[in-house]
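For reference, the chains in residue letters:
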Amino acid sequence: MNTRSDERGEAAVAAEGPKAERALGSRAPEFIKARRALHLSWQVGVFVIGLAVVAGGVILLPLPGPGWLVIFAGMAIWATEFVWAQLVLRWTKRKVTEATHRALDPRVRRRNLLLTTAGVAIVAALVGVYVWKFGLVTPWNIREE
């Protein structure tokens with residue numbers, strides 16, 4: 001029984017069955033793990049490739065592009081070899097699943113719909129006041145008389 005959760009009152013998730021978590025550790029081929037120097041160079045290569053992918057994702061964060069997706073891809077590359085990355089990915093998957101379940105709650109969906117509708121109504125009112133007062137003129141071409 002897997003009882004790992006940061007939230008109180010949640011049901012424990014069973015680790016048995018088809019969705020059982022994989023064992024932690026290196027997923028390198030056996031002939032690589034059998035030789036210490038080869039395994040160390042394998043780990044360095046995986047780390048460098050993962051670092052390059054994560055760095056690319058960090059660069060994409062302020063730019064248009066899938067920054068977070070690339071960062072998680074780099075973490076997945078690291079998770080093929082490093083236990084700490086495997087634990088971070090397991091924690092991230094658990095949190096995303098919990099957030100998905102919370103977002104699908106009908107009360108939360110109704111609240112989000114009401115807040116979105118109120119926000120759109122406020123923005124529409126502000127745009128209406130602007131058009132009523134200044135017409136369809138861009139703000140930098142308005143002349144006060």
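Residues numbered from 1 in each chain as written. Predicted model: local features only at pLDDT ≥ 70, side-chain atom pairs only at ≥ 80, totals over all residues. Heavy atoms only, no water.

Draft legend 1. Region of interest: the packing of aromatic side chains. The final tally for this structure, using the stated rule, is 5 aromatic pairs. With centroids separated by 6.2 Å and ring planes inclined at 85 degrees, the aromatic side chains of Phe47 and Phe82 adopt a geometry described as edge-to-face. Here Phe82 lies in the loop between α3 (67–79) and α4 (83–103) and Phe47 lies in helix α2 (residues 36–60), a separation of 35 residues in the sequence. An aromatic cluster is present here, built from Phe47, Trp78, Phe82 and Trp84 joined pairwise through their rings. (Phe/Tyr/Trp six-rings, centres within 6.5 Å; stacked < 30°, edge-to-face > 60°. Helix = DSSP H or I, 4+ residues; strand = E, 2+ residues; numbered from the N terminus.)

Draft legend 2. Main features of α2. Compared with an ideal rise of 1.5 Å per residue, which puts 25 residues at 36 Å, α2 spans 36 Å between its outermost C-alpha atoms and is within 8% of the ideal. Taken together, the buried positions of α2 are His39, Gln43, Val46, Gly50, Val54 and Gly57. Where the residues of α2 are buried, they touch α1 (30–33) and α3. (Expected span 1.5 Å × (residues − 1). Buried < 20%, exposed > 50% of the residue type's maximum accessible area, 1.4 Å probe, protein only. Contact = heavy atoms within 4.5 Å.)

Draft legend 3. Looking closely at the environment of Leu69. Mapping Leu69 onto the fold places it in helix α3. Sequence separation between Leu69 and Val54 is 15 residues, and the spatial gap between their C-alpha atoms is 9.6 Å.

Draft legend 4. Inspection of the confidence of the model for the protein at higher detail. Here the protein shows a mean pLDDT of 81. Residues at 70 or above account for 83%. Here α1 stands out as the element of the protein with the lowest mean pLDDT, 74, in contrast to helix α5 (residues 106–134), whose mean of 92 is the highest. Note on residues 5–15: pLDDT is under 50 here. Beyond four places in sequence and across chains, it has 18 contacts. (pLDDT = per-residue confidence, 0-100.)

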